[in-house]
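Below are the chains, spelled out letter by letter.
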Amino acid sequence: TLGGILLQGNFLFDGSKSELKNFRYIKESFGIYNERGGTIGWYIDNDVIVVIDSQFPDTAKNFHNNLKSVSLQKIDYLFNTHHHNDHTMGNYYLKDFTETIIAHNNCIRLQEKHNKGKETENQVVKANLTFNSEISISLPKEKIMAKHFGKAHTGGDIVIQFENLNVVHLGDLVFNNVYPYIDNFAECSVEGWIEVSDKIVNYYGKDTKYIFGHAESTESVIGNKSDLTRMRDYLENLHNYVKKLIANGRSKEDIANTD
């Protein structure tokens, strides 16, 4: 709850193809959709469709209506980057248009836990293909690699790379220029988040284009390594500052109210 990310985000939208409402291309066969909830990523090439995250049932329907303007094929693979409802509840609508939903093992466990006993429980649609460390999918013109680098924003975050396009969807591992959601009940670890950020910075190339789950604007959900590094530095500074206040005997309430 302390401090903001002050630097401006990077705007890397290609713009070579026209926007269709909130549905837009950012690089060749890859695009994004922003409405309400985490950024949806999508890949369309000939008869292959891959979607990343699904927002909510109503916005998933809007997204799918846009998708159908490009292709009427079924979705081959739907990935969930983590369990939060603004990334997974749209599975309820999209389940009729795909046969394979992919997520980390912890994602489906936390999805059940988060919605148990709530009005959303009956709308939970979980992945039917899960993994622990990584999973790869070979397509005619692309290779997708999804990896779990460790507990960070939640206990089940995954990062999804389109290797040939050099595009990586980070889910909520970056909140670009907005306060991050730290969900302790979902096994969030700020220390782990810092370590995972370091791993990602070192793993992917310097020219990789990143997609973020949330940002201050629809333009800044697209960024580069500097945005990821800034998020990592913010988390480290936040962690060190709070740790120092705790060591000085400050109460939880005092720390939360620090300007």
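Everything below is about the structure printed above this text.
Scope of this entry: the structure provided in the associated data block. (Residues numbered from 1 in each chain as written. Predicted model: local features only at pLDDT ≥ 70, side-chain atom pairs only at ≥ 80, totals over all residues. Heavy atoms only, no water.)

1. So, the pairing of strand 10 (residues 159-162)
Okay, step 1: Burial along strand 10 is two-sided: the face carrying Val159 and Gln161 and the face carrying Ile160 and Phe162 are both buried.
Okay, step 2: Sheet analysis places strand 9 (residues 143-147) next to strand 10, joined by four bridges and oriented antiparallel. What sits directly across from Ile144, in strand 10, is Phe162.
Okay, step 3: Taken together, the three bridges between strand 10 and strand 11 (residues 167-169) define a ladder with antiparallel strand orientation. Across the sheet, residue Phe162 finds its bridge partner in strand 11, namely Val167. (Buried < 20%, exposed > 50% of the residue type's maximum accessible area, 1.4 Å probe, protein only. Helix = DSSP H or I, 4+ residues; strand = E, 2+ residues; numbered from the N terminus. Pairing = 2+ DSSP bridges.)

2. Some thoughts on the side chain of His84
Okay, step 1: Among the structural elements, His84 can be located in the loop between strand 5 (77-79) and helix 2 (85-88).
Okay, step 2: In this structure the side chain of His84 is engaged in a polar contact, spanning 3.3 Å, whose partner is the side chain of His82.
Okay, step 3: A distance of 3.2 Å separates the side chain of His84 from the side chain of His153, its partner in a polar contact. (Polar contact = N/O pair within 3.5 Å; in protein donor to acceptor, adjacent residues only side chain to side chain.)

3. Thoughts on the packing of aromatic side chains
Okay, step 1: What the rule picks out here adds up to 12 aromatic pairs.
Okay, step 2: Seen in terms of ring centroids, Phe149 and Tyr204 are 6.2 Å apart; in terms of plane orientation they differ by 75°. Their pairing is edge-to-face. Taken together, the residues span a long stretch of sequence, with Phe149 in the loop between strand 9 and strand 10 and Tyr204 in the loop between helix 5 (190-203) and strand 13 (209-211) at a distance of 55 residues. For the pair Phe149 and Tyr204, one class covers both residues: buried.
Okay, step 3: An aromatic cluster is defined as three or more aromatic residues linked by ring pairs; in this entry it consists of Phe23, Tyr25, Tyr33, Trp42 and Phe63.
Okay, step 4: Between Lys95 and the ring centre of Tyr92, over which it is positioned, the NZ or CZ distance is 4.1 Å.
Okay, step 5: The ring of Phe149 is capped by Lys147, whose NZ or CZ atom sits 5.6 Å from the centre of that ring. (Phe/Tyr/Trp six-rings, centres within 6.5 Å; stacked < 30°, edge-to-face > 60°. Lys NZ or Arg CZ within 6 Å of the ring centre and 35° of its normal.)

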